[in-house]
Amino acid sequence: SASKTASKTNFAAACTTRLRLVCTGAMTEHYAQIEARVNELGLQSCVRFLGWIPGTELVALYQSARFVILPTLFEAESLPLLEAFAEGVPVVCSRVTSLPEQAGDAAHFFDPNEPRSIAEAIERMASDRSLRDQCVTRGRRRLTEFSWDATARAYRNAYARIASVKRELAAS
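Here goes a summary of the coordinates provided. (Residues numbered from 1 in each chain as written. Predicted model: local features only at pLDDT ≥ 70, side-chain atom pairs only at ≥ 80, totals over all residues. Heavy atoms only, no water.)

Observations regarding the side chain of Arg142
Piece 1. Looking at the secondary structure, you find Arg142 in helix α7 (residues 129-143).
Piece 2. Overall, Arg142 belongs to the buried group, its relative accessible area being 15%.
Piece 3. At a separation of 2.8 Å, a polar atom in the side chain of Arg142 contacts the main-chain carbonyl oxygen of Gln102.
Piece 4. Contacts of Arg142, omitting those with residues within four sequence positions, involve Phe85, Glu101, Gln102, Ala103, Gly104 and Ala106. (Helix = DSSP H or I, 4+ residues; strand = E, 2+ residues; numbered from the N terminus. Buried < 20%, exposed > 50% of the residue type's maximum accessible area, 1.4 Å probe, protein only. Polar contact = N/O pair within 3.5 Å; in protein donor to acceptor, adjacent residues only side chain to side chain. Contact = heavy atoms within 4.5 Å.)

Okay, structure coming up:
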């Protein structure tokens, strides 16, 4: 159909002029379907599937990224979010699970169930240098809240409160 052809043309044009998508991680049972769709849309030259990446190579990949996209529906704790913050890379991610709490104001969010929301968030991150810079600054600040020292202090305070309550209960 004409709209399908126009859609393919728009994707291919955006690909050749602006963005490259690099996907990492395990290639699940969904990989074949995703690869087929990439081929159908003519995006082979701008979408790469690298599979699992060792740590030092992953750091280099983060450092060469314009921004990171986390389109998860199910992730409970996001190490890639914190890794991106640590490498000074802006993040655009799902507004589900614990990601909003983990990212705070340091990421730009989208609804992972709405393709238009995803596309608009990616387009904004790609075109708005100020947003990217703001996310990097906030990401570095947010990362300090996840340090081992901060975690140890939080646990020590929690244990102290529990011990205090236990002493009060024992005294009554």
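And the narrative resumes.
A look at the sheet that holds strand β5 (residues 108-110)
Piece 1. Overall, parallel pairing links the three strands, which are arranged β3-β4-β5 in an open sheet. One side of each edge strand has no neighbouring strand; the edge strands of this open sheet are β3 (68-70) and β5. Pairs of neighbouring strands in the sheet enclose a mean axial angle of 20°, with direction left out of account.
Piece 2. Sheet topology note: the β3/strand β4 (residues 91-94) ladder contains three bridges and is parallel. From the neighbouring strand, Val68 faces β4, where its bridge partner is Val91.
Piece 3. Where helix α6 (residues 115-127) meets the sheet, it contacts β3, β4 and β5, and its direction lies at approximately 160° from that of β5. (Pairing = 2+ DSSP bridges. Axes fitted to C-alpha atoms, helices over the stretch in contact; angles between N-to-C directions.)

Some thoughts on the pattern of salt bridges
Piece 1. Applying the stated criterion across every chain, the model contains six salt bridges.
Piece 2. Note that Glu40 and Arg37 form a salt bridge whose closest N and O atoms lie 2.8 Å from each other. A residue pair is termed a helical-turn pair when its members lie 3 or 4 positions apart in one helix, as Glu40 and Arg37 do in helix α2 (residues 31-40) at three residues.
Piece 3. You can call Glu40 partly exposed: its relative accessible area is 33%.
Piece 4. With its nearest N and O atoms 3.6 Å apart, the salt bridge here joins Arg138 to Asp105. Of the two residues, Arg138 is situated in helix α7 and Asp105 in the loop between α5 (99-103) and β5; the sequence distance between them amounts to 33 residues.
Piece 5. Judged by relative accessible area, Arg138 falls into the partly exposed class, the value being 25%.
Piece 6. Three or more residues are tied together by salt bridges with common partners; here these are Asp105, Arg138 and Arg141. (Salt bridge = Lys/Arg side-chain N within 4 Å of Asp/Glu carboxyl O.)

Some thoughts on the packing of helix α4 (residues 79-86) against α7
Piece 1. For the pair α4 and α7, interaxial distance at closest approach is 8 Å and the crossing angle is 115°. It follows that α4 is roughly perpendicular to α7 by the angle criterion. As α4 runs across α7, the sense of the crossing is left-handed. Of the residues in α7, those touching α4 at Leu82, Phe85 and Ala86 are Gly139, Arg140, Arg142 and Leu143.
Piece 2. Its residues assigned to classes, the contact of α4 with α7 comprises four nonpolar, one polar and two charged. (Parallel < 35°, antiparallel > 145°, perpendicular 65-115°, else oblique. Left-handed = near helix turned anticlockwise from the far one by under 90°. Nonpolar A, V, L, I, M, F, W, Y, C, P; charged D, E, K, R; others polar.)

A word on unusual backbone geometry
Piece 1. Positive phi, normally seen in glycine, also occurs at Thr97, with a value near 50°.
Piece 2. Along the chain, Thr97 falls in the loop between β4 and α5.

A word on the environment of Val91
Piece 1. Summarising the element assignment, Val91 is placed in strand β4.
Piece 2. Considered as a pair, Val91 and Ile122 are 31 residues apart in the sequence and their alpha carbons are 9.6 Å apart.
Piece 3. Setting aside residues no more than four positions away along its own chain, Val91 makes contact with Val68, Leu70, Leu81, Ala84, Phe85, Ala107, His108, Met125 and Cys135.

The quantities given are spatial measurements derived from coordinates; they are silent on function.
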